[in-house]
Amino acid sequence: MSHPPAPSAPSPALPRACSFPETEWRALARHWYPFAYSDELDAGKPVARTLLDEPLIAYRSSARRVVVARDLCIHRGVPLHLGWQEGDELVCAYHGFRYGADGRCTAIPAQPDLPVPKKLCLSTVASIERHGLVWVCLAPDPASPSAAPGASLPDWPELADPAYRMMHAEPQDWECTPGRQLENFIDVAHFSWIHAGTFGNRERPEVPPYEVQRTAGGFRVDYRYLASNPESAKTASTAGGVIQRRMIYDLHLPLACRLVIDYGDGRRHCVFDAPTPVSRRKTRVFHFVARNFDPHIPAEEVLAFERKVLAEDKPIVESQRPEDLPLDLSEEFHIRCDRFSAAYRDALRELGFGRDFSA
Ligand code: FES
Ligand SMILES: [Fe+2]
């Protein structure tokens, strides 16, 4: 279900402590990003997080509607996450103002006999709940799908298919830019090196030629890799030994990708990666899986393996310099196997992101 911002929502001013160049912030703000996993809001407690330097708060009302607003009580500028949720309302910790699911203030306890001014309203932002995630767009005018690839949400049918089990842990905070993180996710040449402890095959570092197909939302790459699970990484869900992996990437611009690992016998293990720009050099990584086999294996075991893979990537990505993804292809050295990331960088430039894509 999609919820537009309240009609009174002002067009977005830059956040107070905006770390992005203004044009880049405005370009990024027109896209949708995961804010939370849906079930994070099920505990009846608001979740407060920053997106593009904007502190936000989200909660679920009794009608199961998700409300997302700027995390600020407009009475005296106190963050609402210091208060609490009571039924369908947020209560501010400082003077007890209450705000309803439409963002409007419903009560001012210090003057119960006076009407609440109509313009006393939180600044709500647009949200959509889909794929087990709450997605948020800060701009009142999301980039339209026809105008630019990647403007809508990605199409991930496995997440609506009961044959698949979705599994996720907490989103992770990385000290890097989301562009670098996503490019790492689509990089096919690094498996044999930094992933030798999980699935990388040190004996097979060569990258055979592959095609990068343009799609409505971004790109598709169909790649084969002879993976090797070392004994130390063997679990009930990884076969151990050497195994041919067909890896189908569907990148959805600007910052989301699904990787389907197809074992060729009907078993499909899908990995989803959606890095969200917190600030210019901070990223919240929504990385989760869905698979249609081995329902008896505890989710924690599957996720432990994914965490191990991510832990191999993280220090490398956090160390990359420049932190920004250089969209000018002359700035780094590209080899044949980098054609996926080169296409990705070109597409980001076409979307209007800056010379140094800082998000
Ligand atoms: S600052 Fe929130 S009620 Fe006063
Ligand atoms: Fe990796």
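Conventions and cut-offs
- Residues numbered from 1 in each chain as written.
- Chains lettered and ligands numbered in written order.
- Predicted model: local features only at pLDDT ≥ 70, side-chain atom pairs only at ≥ 80, totals over all residues.
- Heavy atoms only, no water.
- Helix = DSSP H or I, 4+ residues; strand = E, 2+ residues; numbered from the N terminus.
- Rg over C-alpha atoms; globule rule 2.2 N^0.38 Å.
- Buried < 20%, exposed > 50% of the residue type's maximum accessible area, 1.4 Å probe, protein only.
- Contact = heavy atoms within 4.5 Å.
- Areas by Shrake-Rupley, 256 points an atom, 1.4 Å probe, with all protein chains shown as cover.
- Lys, Arg positive; Asp, Glu negative; His and termini not counted.
- Charge placed at Lys NZ, Arg CZ, Asp CG, Glu CD.
- Pairing = 2+ DSSP bridges.
- Axes fitted to C-alpha atoms, helices over the stretch in contact; angles between N-to-C directions.
- Domains from an automatic or database assignment.
- Buried area = accessible area lost by both parts, 1.4 Å probe.
- Salt bridge = Lys/Arg side-chain N within 4 Å of Asp/Glu carboxyl O.
- Polar contact = N/O pair within 3.5 Å; in protein donor to acceptor, adjacent residues only side chain to side chain.
- Nonpolar A, V, L, I, M, F, W, Y, C, P; charged D, E, K, R; others polar.
- Donors = N, O, S within 2.8 Å, 3.2 Å for Na, K, Ca; no water.
- Tetrahedral: all angles 85-135°; square planar, octahedral: opposite > 155°, others 65-115°.

Peer 1: Hey, could you run me through the overall build of the protein chain in this one?
Peer 2: Within the protein chain, the secondary structure is distributed over 5 helices and 21 strands. Taking 21 Å as the expected radius of gyration for a compact globule of 359 residues, we find that the protein chain reaches 22 Å, a close match to that expectation. Along the three orthogonal principal directions, the C-alpha set of the protein chain runs to about 75 × 50 × 35 Å. A total of 359 residues make up the protein chain; the buried ones form 52% of that total. For the protein chain, long-range pairs separated by at least 24 residues make up 61% of all intrachain contacts whose partners lie at least 6 apart in sequence. Surface exposure of the protein chain reaches about 15900 Å², of which carbon and sulfur atoms provide 53%. In the protein chain, which carries 42 positive and 48 negative side-chain charges, the distance between the mean positions of the two groups comes to 2 Å.

Peer 1: Before we go on, may I ask you to explain the sheet that holds strand β8 (residues 98–99) in this structure?
Peer 2: Within a sheet, neighbouring strands are paired by backbone hydrogen bonds and run either parallel or antiparallel to one another. Taken in spatial order, the 4 strands make up an open sheet running β6-β7-β8-β9, and their pairing is antiparallel. At either end of the open sheet lies a strand with only one pairing partner, and these are β6 (84–86) and β9 (105–107). By the bridge criterion, 2 bridges tie β8 to β9 in an arrangement that is antiparallel. Looking at the pairing, Tyr99 lines up with Cys105 of β9.

Peer 1: Where do I start with the sheet that holds strand β3 (residues 47–51) in this structure?
Peer 2: Read across the sheet, 3 strands follow the order β3-β4-β5 without closing on themselves; strand pairing throughout is antiparallel. With one partner strand each, in any of the chains shown, β3 and β5 (66–70) form the two edges of the open sheet. On average, each strand axis in the sheet is tilted by 30° relative to the strand beside it, whichever way the strands run. Alignment of β3 against strand β4 (residues 54–60), held across 5 bridges, turns out to be antiparallel. Bridge pairing in β4 places Arg49 opposite Leu56.

Peer 1: Would you mind showing me how to read the domain arrangement of the protein chain here?
Peer 2: Interfaces are often sized by the accessible area lost when the parts come together. Looking at the assigned domains, one finds that the protein chain contains domain 1 (2–137) and domain 2 (157–357). The distance between the C-alpha centroids of domain 1 and domain 2 comes to 31 Å. The interface is formed by 22 residues belonging to domain 1 together with 23 residues belonging to domain 2. When domain 1 packs against domain 2, close to 1900 Å² is buried across both sides, 66% of that on carbon and sulfur atoms. Here domain 1 and domain 2 share 0 salt bridges between them. Where domain 1 packs against domain 2, one counts 8 residue pairs in polar contact (both at pLDDT 80 or more). When residues of the side of domain 1 that touches domain 2 are traced back to their parent elements, those giving at least two are α1 (22–29), β2 (33–37) and β3. It is β2 that contributes the most residues to the side of domain 1 that touches domain 2, 5 residues altogether. Across the side of domain 1 that touches domain 2, the residue classes tally to 12 nonpolar, 5 polar and 5 charged.

Peer 1: Explain the pattern of salt bridges to me, please; I cannot follow it from the model alone.
Peer 2: Side-chain pairs of opposite charge can arise where the charged atoms are in close proximity. For the structure on display, the rule yields 30 salt bridges. Here Arg258 and Glu158 are joined by a salt bridge, their closest N and O atoms 2.9 Å apart. Linking Arg258 in strand β17 (residues 256–262) with Glu158 in the loop between β11 (133–137) and β12 (165–168), this pair joins segments that are 100 residues apart in sequence. Across the pair, Glu158 and Arg258 agree in class, each one buried. Between Glu183 and Arg345 there is a salt bridge whose closest N-O contact spans 2.7 Å. Taken together, the residues span a long stretch of sequence, with Glu183 in helix α2 (residues 178–185) and Arg345 in helix α5 (residues 339–350) at a distance of 162 residues. Residue classification places Glu183 among the buried positions, given a relative accessible area of 9%. Residue classification places Arg345 among the buried positions, given a relative accessible area of 2%. Through salt bridges with shared partners, one network takes in Glu158, Arg220, Asp250, Arg258, Asp262 and Arg268.

Peer 1: So what exactly am I meant to see when it comes to the coordination of the iron ion (ligand 2) here?
Peer 2: Six octahedral donors around a metal ideally subtend angles of 90 or 180 degrees, whereas four tetrahedral donors ideally subtend 109.5 degrees. Bound to the iron ion (ligand 2) on the protein side are His190 (NE2), His195 (NE2), Asp313 (OD) and Asp313 (OD), at distances that span 2.1 to 2.5 Å. Taken together, the 4 donor atoms surrounding the iron ion (ligand 2) define angles of 56 to 151° at the centre, an arrangement classified as irregular. Counting along the primary sequence, the residues that act as donors to the iron ion (ligand 2) give the motif H-x4-H-x117-D. Judged by its relative accessible area of 12%, His190 is buried.

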